[in-house]
Amino acid sequence: MFGYLVRRVLSALVVIVCVVFVVSAISKLVPGDIVDMMEAGNPGMTEQDKEVLREQLGVNKPIFETFTSYLVGIFKGDLGNSTRLRSSAAVLIGERVPATLELALTALFFALVIALPLGIICALKQGTVVDYFGTILSVLGVAVPGFLVGVILILVFSVELQWLPSTGYKGSVVVAAWNALLAWDFSILWDRLRYILMPAASLAFAVVAINVRLIRSTMLEVIRQDYLQFARAKGVPERTVYLRHAFRNALIPTVTIVGLQLGNLLGGTYIIENVFAWPGIGRLAVQSIFWRDYPLIQANVLIAACLFVFLNILVDVTYRLIDPRIRYARR
Amino acid sequence: MTTIETTESLDPPVSAAQRFLSELIRSPKGLTGFVLIVLVLLVALLAPLLAPHDPAQQVLGARFQPPAFAEDGEWSRVLGGDNLGRDIFSRVLYGSQTSIMVALLVVFNAMITGSILGAISGYFGGIVDAAIMRVADFQLSFPFILVALLLLAIVGPGFWTMVFALSVALWVSFARLVRGETLKIRELEYIQAAKSIGVGHAAIIFGHVIPNVLPTIIVLATLDIAAVVLYEAAISFLGLGTQPPTPSWGMMISEGRNYLYENYWMALGPGIAIMTTSIAINLFGDFLRDTYDPRQERL
Amino acid sequence: MSEPLLSIENLVTRFPTKRGRLTAVDGVSLTLERRETLGLVGESGSGKSVLGLSVMRLVQPPGKIESGTIRFAGTSLLDLGADEMRKLRGQRLAMIFQDPTATLNPVLTIGEQIGEVLRWHLPSIRPAELRERVVEMLDRVGIPNASQRFGDYPHEFSGGMQQRVIIAAALILNPALVIADEPTTALDVTVQAQILDLLRRLKDGEPETAIILVSHDLGVVGEMCERIAVMYAGNLVEVAAADDILDDPKHPYTVGLIASIPRLDREVGALNPIPGRLADPVSPPPGCKFHPRCIHAFDRCRVERPVLKMLSPGRQVACHLHD
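Quick look at the overall build of chain A
So, step 1. Summing up its helical and strand segments, chain A has 15 helices and zero strands in all.
So, step 2. When the backbone C-alpha atoms are referred to their principal axes, chain A occupies close to 85 × 60 × 45 Å.
So, step 3. The burial tally for chain A puts 43% of its 331 residues in the buried class.

Here it is in structure tokens:
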């Protein structure tokens with residue numbers, strides 16, 4: 001296991017380095033003069049600003065030099081400065097990562113809480129009304145894009161019913177939850193929770209739909225397995241047959257499935273954050289593209305790449321830990 | 001142990017078209033999908049005839065005009081007017097052209113590029129294969145949206161950049177598919193035989209590999225078309241794709257989001273259009289997969 | 001004469017399918033004495049496996065036992081409640097399954113899986129004692145280093161070893177009846193011999209155990225069993241002592257089965273299959289189900305279903321030829 005981890009981390013580093021290379025070479029990739037393009041998104045740039053930028057982006061330097069200086073910068077914690085917002089890109093992004101992570105994790109929580117039981121029920125009650133409902137949900141989940149779900153939710157809950165705010169952010173939900181438990185006062189928590197509900201639900205929608213389907217198939221397959229009959233033949237009661245044998249075995253592919261969704265979930269934040277003006281890295285990324293704020297774009301891409309790579313490793317390792325067939329493969 | 005003789009009946013051969021039609025009629029989801037797709041295609045083709053108004057024409061008096069079935073509405077503007085007084089219904093109709101065109105362009109690109117690269121990769125193996133697959137794997141470690149955003153960031157937002165970005169994001173699945181098939185076929189005896197009598201590489205690829213993998217490619221392409229319709233909408237929603245005044249459903253939803261209080265049909269109209277189109281293509285794609293490639297049961 | 005251990009009367013088990021109701025067991029009557037080893041032979045689809053499952057009451061819905069009786073050690077099994085039946089399984093009645101790799105749960109250790117039998121039937125057993133008994137059983141079935149292997153997972157064993165684990169689970173509480181459903185079919189030929197050997201050894205060492213050995217392989221059954229019952233399309237067609245069946249088969253199907261076995265000791269021109277196809281369990285042919293494939297078929301066979309009748313003491317045949 002340790003060997004595997006080391007190998008994965010190393011190959012991940014290689015990927016990151018490639019990304020750094022592409023990102024640092026951005027000035028070469030952009031057609032035309034990159035600084036002129038930036039001016040279009042940032043009116044009021046002086047000649048001096050432009051010179052600084054040319055220096056920063058390595059316009060007149062060979063690729064290798066820009067690459068190395070960018071790399072060095074990373075080690076020093078310097079990812080460049082945002083032209084538009086005139087502050088450190090690393091800081092700007094760092095401020096927003098928690099909001100995005102919270103959104104993604106809340107969405108994951110919603111997705112699991114709904115998809116797991118629903119998927120299992122659909123499998124156990126195959127062919128009934130519930131199953132049919134689950135199928136429809138799956139089709140909708142694939143066909144209805146997240147941003148549309150978001151807009152519809154806003155329409156229903158903000159415009160018509162006026163129960164929830166359509167934009168805004170009042171701080172970390174996790175922190176508020178922790179404080180609420182300590183002080184046993186849930187008012188602040190609810191105040192903050194109101195803002196995350198719709199974004200998380202929109203993000204979760206597609207994921208729920210796919211997961212219901214996949215959990216259902218997994219469970220169906222497991223139900224057919226011979227080892228369930230074996231358990232029955234040994235005198236194990238039916239309920240235990242399902243809980244200890246069927247469910248546990250279904251858990252393994254389910255974790256994989258869910259793990260694979262995490263990437264989609266994180267990717268979805270790039271869109272959903274823009275529907276709800278959620279102050280996370282997704283929103284910043286899109287804004288930076290509009291502003292042609294290349295230093296900020298570079299930093300965004302790099303951080304995003306690191307997040308995804310890290311996520312992949314996490315999921316991989318978890319999967320290997322819970323499946324004894326893999327864990328003990330070399331005993 | 002006993003051996004039992006069996007006699008099996010042989011079905012009379014049916015043409016591909018006949019088989020397709022008979023399967024289609026028997027599948028409710030396939031039929032629904034197919035009919036809806038035809039509907040959407042017709043709308044896209046006939047938009048100039050079907051649309052009551054010019055989609056770009058701004059009429060001050062019609063700003064936020066309610067839809068026909070509400071009070072103050074008119075039947076000439078079925079879904080009402082948007083924030084600039086343009087007829088929502090006409091814009092929705094014209095929007096279909098954008099979606100269809102982008103989807104077809106992108107999938108066509110990705111299919112051709114991906115298949116060729118996949119075939120080359122599988123057929124020649126070695127360094128070429130390794131190189132192509134490395135790039136593919138690298139690209140796959142990131143979700144599609146990130147790749148698209150990066151490309152859009154570099155070249156700047158716009159319609160053609162979006163097409164390019166989406167094509168780049170999509171080629172990998174075709175490449176892998178064709179590569180896999182090529183690898184399988186490459187080792188078959190009759191291919192070795194063909195090679196030994198001097199049949200050229202291209203002939204083998206086009207004559208043997210492609211026909212075998214064609215059904216799977218078509219299923220993949222169909223499902224990808226559905227995906228691209230949604231991706232185009234998402235990117236245009238963000239403002240990074242189709243630019244005004246070209247109507248795009250995604251962009252319309254984005255604008256509509258800001259005016260939900262005034263006339264929510266600005267967002268709902270294109271929303272329903274996207275849903276219908278996407279569901280239709282998904283249903284039809286599902287049907288295709290069930291009929292032509294049942295071993296790929298993914299959903 | 002004491003009551004037989006197992007007595008099945010007119011058992012009918014059916015499955016609803018898209019094509020219609022499939023009758024897997026079509027009125028089977030059979031008895032089994034204590035300590036007896038009975039071979040149940042038939043091709044795939046004959047209903048032999050379903051018969052075994054029916055006795056264990058493990059037929060999964062939508063299939064169900066529709067009529068008939070099963071008496072085991074004086075109790076009518078079909079009248080028992082689900083929990084009462086459950087208590088019998090693993091303790092007085094046990095089953096050995098066909099494909100050991102599929103039968104063992106891949107995410108639980110073999111110690112846990114064998115221990116499960118003990119935990120459910122002896123709820124107050126202490127962990128140490130449980131482990132001791134499981135290890136002892138593993139030893140008896142021939143698993144080397146039993147004590148170390150207690151915590152191993154199924155995939156760490158070969159097919160033959162896995163089957164031994166399953167046999168261990170089946171026999172650990174000394175059941176009176178063991179139904180072995182094709183225990184060697186999924187294994188290599190050399191391993192087959194070992195497993196059969198093991199079964200024979202265990203049976204000889206276990207005074208009370210009766211075995212029903214289900215198989216499509218007459219060779220396997222001939223080696224191990226005292227009596228053989230031949231099944232075709234859900235019915236018993238011949239039941240007799242093993243030697244009698246193999247040397248002097250009466251039912252044309254049995255004759256055909258034996259004749260079709262390839263022989264190593266004689267020169268054979270061609271293999272002799274039984275012509276035709278297995279009777280369709282959803283809509284079988286009228287009269288005798290075997291008649292379309294039978295060279296001796298005459299008018300009565302096409303119309304009237306033959307019933308299992310005693311030909312001589314210890315011999316039963318269901319055939320109009322011998323009526």
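Structural notes on the overall build of chain C
So, step 1. A tally of regular secondary structure across chain C gives twelve helices and twelve strands.
So, step 2. In terms of overall dimensions, chain C is globule-like: its C-alpha atoms have a radius of gyration of 21 Å, near the 20 Å expected for 323 residues.
So, step 3. Considered along the principal axes of its C-alpha atoms, chain C spans approximately 70 × 50 × 45 Å.
So, step 4. The buried share of chain C, taken over its 323 residues, is 44%.
So, step 5. Partitioning the contacts of chain C with sequence separation of at least 6, the portion at a separation of at least 24 is 64%.

Details of the sheet that holds strand β3 (residues 37-41) of chain C
Residue and element names in this part refer to chain C.
So, step 1. Here we have eight strands laid out as an open sheet, ordered β6-β7-β8-β3-β9-β10-β12-β11, and mixed in their pairing. The open sheet has two edge strands with one neighbour each: β6 (93-96) and β11 (309-312). The sheet shows a mean angle of 20° between the axes of neighbouring strands, taken without regard to direction.
So, step 2. Of the strand pairs in this sheet, β6 and strand β7 (residues 177-181) are connected by four bridges, and their pairing is parallel. Opposite L93, over in β7, you have L177 as the bridge partner.

What about the interface of chain A and chain B?
So, step 1. The interface of chain A with chain B comprises 40 residues on the first partner and 34 residues on the second.
So, step 2. The element best represented in the side of chain A that touches chain B is helix α12 (residues 238-276) of chain A, accounting for eight residues.
So, step 3. Partitioning the side of chain A that touches chain B into residue classes produces 33 nonpolar, six polar and one charged.

Concerning helix α6 (residues 89-124) of chain A
So, step 1. Its 36 residues give α6(A) an end-to-end C-alpha distance of 51 Å, which sits within 8% of 52 Å, the value for a rise of 1.5 Å per residue.
So, step 2. Of all the bends in α6(A), the greatest reaches close to 30° and is centred on R96(A); the proline P98(A) follows between one and four positions later.

Describing the sheet that holds strand β2 (residues 20-32) of chain C
So, step 1. Across the sheet, four strands lie side by side as β2-β1-β4-β5 (chain C); this open sheet has antiparallel pairing. Whereas interior strands pair on both sides, the edge strands pair on one side only; in this sheet they are β2 and β5 (75-76) of chain C.

Side note on the environment of G142(C)
Residues and elements named next belong to chain C.
So, step 1. With respect to the element layout, G142 can be found in the loop between α5 (127-140) and α6 (146-149).
So, step 2. A tally of 18 C-beta atoms within 10 Å means that G142 is categorised as partly exposed.
So, step 3. For the pair G142 and L198, spaced 56 residues apart in sequence, the C-alpha to C-alpha distance is 8.1 Å.
So, step 4. Excluding its chain neighbours within four sequence positions, the residues that come into contact with G142 are R164 and L198.

Let's talk about the domain arrangement of chain C
Often, the extent of an interface is quoted as the loss of accessible area upon association of its parts.
Residues and elements named next belong to chain C.
So, step 1. Along its sequence, chain C is organised into domain 1 (6-85 + 194-322) and domain 2 (93-174).
So, step 2. With nine residues of domain 1 in contact, the opposing surface of domain 2 contributes ten residues.
So, step 3. The residue makeup of the side of domain 1 that touches domain 2, split by class, is five nonpolar, two polar and two charged.

Observations regarding the nonpolar core
So, step 1. A148(B), L149(B), L166(B), V228(B) and A168(C) are the most contacted members of the largest nonpolar core, which totals 257 residues.
So, step 2. For this core, the two domains that each supply at least three residues are domain 1 (6-85 + 194-322) and domain 2 (93-174) of chain C.
So, step 3. Every residue in contact with L149(B), bar those within four places of it in the chain, is listed here: Y270(A), A285(A) and I289(A).

Comments concerning the packing of helix α3 (residues 88-124) of chain B against helix α10 (residues 265-292) of chain B
All names here are of chain B.
So, step 1. At a closest axis distance of 10 Å, the pairing of α3 and α10 adopts a crossing angle of 35°. α10 is crossed by α3, and the crossing has right-handed handedness. Between α3 and α10, the contacting residues are I88, F89, V92, G95, S96 and S99 on the first element and W265, M266, G269, P270, A273 and T277 on the second.
So, step 2. Looking at side-chain class alone, the contact of α3 with α10 contains seven nonpolar, five polar and no charged residues.

A short note on the confidence of the model for chain A
So, step 1. Residues at a pLDDT of 70 or more form 97% of chain A, whose mean pLDDT is 83.
So, step 2. Per-element mean pLDDT across chain A ranges from 66 in helix α15 (residues 324-327) of chain A up to 91 in helix α11 (residues 226-233) of chain A.

Quick look at the pairing of strand β1 (residues 6-17) of chain C
Residue and element names in this part refer to chain C.
So, step 1. The pairing of β1 with β2 spans ten bridges and is antiparallel. From the neighbouring strand, L6 faces β2, where its bridge partner is L32.
So, step 2. Counted along the chain from β1 to the antiparallel partner β2, the turn is two residues long.
So, step 3. For β1 and strand β4 (residues 64-72), the ladder comprises seven bridges, and the chain directions are antiparallel. Each residue of the ladder has a partner; that of T13, found in β4, is I65.

A word on helix α4 (residues 110-121) of chain C
Residues and elements named next belong to chain C.
So, step 1. With twelve residues, α4 extends 18 Å between its outermost C-alpha atoms, agreeing within 8% with the 16 Å of an ideal straight helix rising 1.5 Å per residue.
So, step 2. Among all positions in α4, only I110, G111, Q113, I114, G115, E116, V117 and L118 are buried.
So, step 3. Check the buried side of α4 and you find it contacts α5 and α7 (159-171).

Looking at the packing of helix α1 (residues 2-24) of chain A against helix α14 (residues 294-322) of chain A
Residue and element names in this part refer to chain A.
So, step 1. Their axes nearest at 10 Å, the elements α1 and α14 cross at an angle of 165°. If you check the angle between α1 and α14, you find them roughly antiparallel. Handedness of the crossing formed by α1 with α14: right-handed. Packed against α1, whose contacting residues are Y4, L5, R8, V9, A12, V15, I16, V19, V20 and V23, the element α14 presents Q298, V301, L302, A305, C306, V309, I313, D316, V317 and R320 at the interface.
So, step 2. Its residues assigned to classes, the contact of α1 with α14 shows 16 nonpolar, one polar and three charged.

Let's talk about unusual backbone geometry
The bulk of non-glycine residues show a negative phi, and the bulk of peptide bonds are trans.
Residue and element names in this part refer to chain C.
So, step 1. For the peptide bond that leads from P61 to P62, omega is 10°, which places it in the cis range.
So, step 2. Within the secondary structure, P62 sits in the loop between α1 (48-55) and β4.
So, step 3. Positioned with a positive phi, R57 is a non-glycine residue whose angle comes to about 55°.
So, step 4. Mapped onto the elements of the fold, R57 is located in the loop between α1 and β4.
So, step 5. Positive phi outside glycine occurs at N145, with the angle close to 55°.
So, step 6. Relative to the assigned elements, N145 resides in the loop between α5 and α6.

Thoughts on the environment of V317(C)
Residue and element names in this part refer to chain C.
So, step 1. Following the sequence through the fold, V317 ends up in strand β12 (residues 315-317).
So, step 2. Looking at V317, the number of C-beta atoms within 10 Å reads 26, which means it is buried.
So, step 3. Along the primary structure V317 and P249 are separated by 68 residues, whereas in three dimensions their C-alpha atoms are 9.6 Å apart.
So, step 4. What V317 contacts, discounting residues up to four positions off in sequence, is E238, K250, H251, K309, L311 and H322.

What about the confidence of the model for chain C?
So, step 1. In this model, chain C carries an average pLDDT of 87, and 98% of its residues clear a pLDDT of 70 or more.
So, step 2. Across the whole predicted complex the pTM is 0.75, and at the interface the ipTM reaches 0.87.

What counts, and where the lines are drawn
Residues numbered from 1 in each chain as written. Chains lettered and ligands numbered in written order. Predicted model: local features only at pLDDT ≥ 70, side-chain atom pairs only at ≥ 80, totals over all residues. Helix = DSSP H or I, 4+ residues; strand = E, 2+ residues; numbered from the N terminus. Buried ≥ 20, exposed ≤ 12 C-beta atoms within 10 Å, placed from the backbone. Rg over C-alpha atoms; globule rule 2.2 N^0.38 Å. Contact = placed C-beta atoms within 7 Å. Pairing = 2+ DSSP bridges. Axes fitted to C-alpha atoms, helices over the stretch in contact; angles between N-to-C directions. Nonpolar A, V, L, I, M, F, W, Y, C, P; charged D, E, K, R; others polar. Expected span 1.5 Å × (residues − 1). Bend = angle between axes of the 7 residues up to and from the residue. Domains from an automatic or database assignment. Core = buried A, V, L, I, M, F, W, Y, C linked by C-beta atoms within 7 Å. Left-handed = near helix turned anticlockwise from the far one by under 90°. pLDDT = per-residue confidence, 0-100. Parallel < 35°, antiparallel > 145°, perpendicular 65-115°, else oblique.

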